[in-house]
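For reference, the chains in residue letters:
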Amino acid sequence: MALLSGTRLTDRIDRLLPHEEAFRSALRGPDVASRVGLWLGLCFLVALLTGVYSHFAQQASTAIPLPGRPVSLYRVTQTLHIAAGTAAVPLLLVKMWAVNPKLFARPPRQRRAVVLHVLERLSIAALVASTIFQLATGLANAAQWYPWAFGFRETHYAVGWVAVGALLVHVAVKLPIIRDALAQRQPPAQPGGVTRRSLLLATWLAAGVAVLATAAAGVPGVRRISVLAVRSGDGPGGVPINRSAVAAGVSALATDPGFALSVVAPGRVVRLNRADLEALPQTSAELPIACVEGWSASGIWSGVRVRDLLALVGAPARTAVVVRSLQPRGAWRESRLPAEVAADPLTLLALDLGGEPLSLDHGYPCRIIAPNRPGVLQTKWVSRLEVQA
Amino acid sequence: MTGHVAMVTTRVVLGAAGLAAAAYGTGTLLDLGAGNLLATLPWLLGGVVAHDAVLAPLIVLAGLLAAARLPGWAKGAAAAALVVLGTVTLAAFPALGRFGARPDNPTLLDRPYAAGWVALAALVLMAAGTAALATRRRGGEHRG
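The numbers attached to residues start from 1 for each chain and follow its sequence in the written order. All chains are assigned letters beginning at A, and all ligands numbers beginning at 1, according to the order in which they are written. Totals for whole chains, interfaces and linings use every residue, but because this is a predicted model, local features are given only for residues with pLDDT of at least 70 and side-chain atom pairs only at 80 or more, for both listing and counting.

1. Some thoughts on the overall build of chain A
A run of H or I in DSSP counts as a helix once it spans at least four residues, and a run of E counts as a strand once it spans at least two, with each numbered from the N terminus. A tally of regular secondary structure across chain A gives eleven helices and ten strands. We compute the radius of gyration over the C-alpha atoms and compare it with the globule rule, which gives 2.2 Å times the number of residues raised to the power 0.38. Taking 21 Å as the expected radius of gyration for a compact globule of 389 residues, we find that chain A reaches 27 Å, considerably beyond that expectation. A buried classification covers 47% of the 389 residues belonging to chain A. We call two residues in contact when the distance between their C-beta atoms, placed using the backbone, is within 7 Å. Within chain A, contacts between residues at least 6 apart in sequence are counted, and of these 72% link residues at least 24 apart. Working definition of burial: number of other C-beta atoms within 10 Å of the residue's own, with buried at 20 or more, exposed at 12 or fewer, and partly exposed in between, all C-beta atoms being placed from the backbone.

Okay, here's the thing in structure tokens:
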């Protein structure tokens, strides 16, 4: 860039673009950027930890088995994940507003300084691109809107690491500036301007309102004021539906009077229709259904313990089980219950929800409900339980 | 001196951890295949362009207009109202547009979003108006 300086083209571009000094608000600068950035960084950390947890919770098998207690752990982490991302929207916008004049800073003249300048610009470009990407795709996914062709879960996971990495590099570069800015006391108000205090107050307020109005719908009691939430929380049996029977293409198969569940062990098969399942000892449990999209609801489920079904085919309670759904297609038509999940007394093949038979959209004739599992693994319309040899 | 050493050490550790995390993320992204990457790139670039070329200039314009037209006592409240309402609207955009709504799932995107937004906007504007009037009554700390 230094080599090009002085050509007519760069001069013309230079005249067209505003200079860094042209932005007059004294609030644009490290003073506000550091304070908002601190909270934005905290949102990044919460989103990273809960996101990585969710990513591994959705794997068919993990190196470390995830705990079944507390039963609402995934519900809490996933609500936090969406809340952190939602709160980050106002924080990011104010943060970028505060540093926007830097976008128009001209590259330095010395060649060594130019290299450093370009490297820093690249790290900022990666940070801004990956952060906006994470927030935009995450919020769209929470509203079940997929206007893209990439795989959401894997891509959101990968770009999340890029965002956190670029943020750490950014903090490393700016650390002395951040330290000095955070030590600054409230500057005297500019005549006719907005004070730092009122801008920061508006920013914290915006983050709080955004979370309350949209993402807090999973928190009992807050739901009513979440006027912009993706789900009101209503649904058959008091639980919303993620994927309907129509969308899954199972309506005819699930209502077929000839339906029978197969419980399969090496050399043994037991077939049970819905009446047979209802005649087995029933267990009730209050368990949440918590979806990766961030919504959750608690329900009272009753049905047959999976370990009781395993006993029917002579399998030990602590055996891994593959659960297959009637769904003809889709990535989630099959799930795996690790041995400790299958043995859990709260892992049910549910027949009822809220005292009524399961609705077709909730997985009639029978579905899996287990403690502390992402919703996508709570397989609906179960047709087969197969003991893993 | 120890303060200086601590600062340098912290920066080196943060920088190295950041490069490692970014390298892992980039590697994971590349492993998802060329097709996935080609579908991802426009979204990565699109966000930057949408902010730097559309949103940021619009906010500069709003700032210039407010500076020229609004009395001093109203500026703080107007800025606060814009920050709260603007960012919350953006965060709720996918729900407000009901882009993911499906006829076979009545439990999804099932709130009256326009009414909810109007109620929220009314609340924010009322609070901002009250704050602005209070500033004026106090004699306008920042007359300008």
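The structure having been displayed, the exposition proceeds.
2. What about the environment of B:His51?
Position of B:His51 among the secondary structure elements: in helix 2 (residues 34–69). When the C-alpha atoms of B:His51 and B:Gly100 are compared, they prove to be 24 Å apart, with 49 residues separating the residues in sequence. Discounting chain neighbours no more than four positions away, the residues touching B:His51 are A:Met96, A:Ile132 and B:Ala56.

3. Quick word on the interface of chain A and chain B
Between chain A and chain B, the residue contacts involve 74 residues of the former and 61 residues of the latter. Looking at the side of chain A that touches chain B, the elements with two or more residues in it are helix 3 (73–99), helix 4 (111–142), helix 5 (152–183), helix 6 (196–213) and helix 7 (245–248) of chain A. Looking at the side of chain A that touches chain B element by element, the count peaks at 18 residues for helix 5 of chain A.

4. Regarding helix 1 (residues 2–31) of chain B
A helix is expected to span 1.5 Å for every residue after the first. Taking 1.5 Å per residue, 30 residues should reach 44 Å; helix 1 of chain B reaches 43 Å between its end C-alpha atoms and fits that length. Residues B:Gly18, B:Ala21, B:Ala22, B:Gly25 and B:Leu29 constitute the buried set of helix 1 of chain B. Summarising the contacts, the buried residues of helix 1 of chain B are in contact with helix 4 and helix 5 of chain A together with helix 2 of chain B. At the exit of helix 1 of chain B stands B:Gly33, carrying a positive phi of roughly 100 degrees.

5. With respect to the domain arrangement of chain A
One widely used convention gives an interface's size as the accessible area the parts lose upon coming together. Residue and element names in this part refer to chain A. Those domain boundaries reflect an automatic or database domain assignment. Looking at the assigned domains, one finds that chain A contains domain 1 (8–225) and domain 2 (245–387). Using only C-alpha atoms to locate each centre, domain 1 and domain 2 end up separated by 40 Å. Between domain 1 and domain 2, the contact holds 26 residues from the first and 20 residues from the second. Elements that contribute at least two residues to the side of domain 1 that touches domain 2 include exactly helix 2 (30–57), helix 3 and helix 4. With seven residues, helix 3 is the single largest residue contributor to the side of domain 1 that touches domain 2. Of the residues belonging to the side of domain 1 that touches domain 2, the class tally is 13 nonpolar, eleven polar and two charged. Ten residue types, Ala, Val, Leu, Ile, Met, Phe, Trp, Tyr, Cys and Pro, are classed as nonpolar, four, Asp, Glu, Lys and Arg, as charged, and the remainder, Gly among them, as polar.

6. Focus on helix 6 of chain A
Over its 18 residues, helix 6 of chain A runs 25 Å from end to end, which matches the ideal 26 Å to within 8%, given 1.5 Å per residue. Of all the residues in helix 6 of chain A, the buried ones are A:Arg196, A:Ser198, A:Leu199, A:Ala202, A:Thr203, A:Ala206, A:Ala207, A:Val209, A:Ala210, A:Val211, A:Leu212 and A:Ala213. Taken together, the buried residues of helix 6 of chain A touch helix 2 and helix 3 of chain A together with helix 3 (72–91) and helix 5 (113–137) of chain B.

7. Side note on the sheet that holds strand 5 (residues 321–325) of chain A
All names here are of chain A. Whether two strands pair comes down to DSSP finding at least two bridges between them. Across the sheet, which stays open at both edges, the five strands sit in the order 2-1-10-5-6 with mixed pairing between neighbours. Where the open sheet ends on each side, the last strands, each with one partner, are strand 2 (268–272) and strand 6 (334–337). The sheet shows a mean angle of 15 degrees between the axes of neighbouring strands, direction not considered. Pairing of strand 5 with strand 6 involves four bridges; the strand directions are antiparallel. Looking across to strand 6, one finds that valine 321 is bridged to leucine 337. Every axis in this analysis is a line fitted to C-alpha atoms, fitted for helices over the stretch in contact. Angles between the N-to-C directions lie between 0 and 180 degrees.

8. As for the environment of A:Gly249
Mapped onto the elements of the fold, A:Gly249 is located in the loop between helix 7 and helix 8 (251–255). Those residues in contact with A:Gly249 that lie beyond four places of it in its chain are A:Gln327 and A:Pro328.

9. Comments concerning unusual backbone geometry
Excluding glycine, most residues fall at negative phi; most peptide bonds, likewise, are trans. All names here are of chain A. For the peptide bond that leads from arginine 69 to proline 70, omega is -10 degrees, which places it in the cis range. Looking at where proline 70 falls in the secondary structure, it is placed in the loop between helix 2 and helix 3. Of the consecutive residues tyrosine 364 and proline 365, the connecting peptide bond is found in the cis state with omega at 5 degrees. By secondary structure assignment, the location of proline 365 is in the loop between strand 8 (356–357) and strand 9 (367–369).

10. Quick look at the pairing of strand 7 (residues 348–353) of chain A
Residues and elements named next belong to chain A. By the criterion of burial, strand 7 is predominantly enclosed, with six of the six residues buried. Two elements, strand 4 (residues 296–305) and strand 7, share five bridges in a ladder whose sense is antiparallel. Bridging across to strand 7, tryptophan 301 finds its partner in leucine 353. Pairing of strand 7 with strand 9, which is carried by three bridges, proceeds in the antiparallel orientation. Within strand 9, the residue paired with leucine 348 across the bridge is isoleucine 369. For strand 7 and strand 8, the ladder comprises two bridges, and the chain directions are antiparallel. Counted as the bridge partner of leucine 353 is glutamate 356 from strand 8. In this structure, the hairpin formed by strand 7 and strand 8 is closed by a connection of two residues, where glycine 354 is found at a positive phi of approximately 60 degrees.

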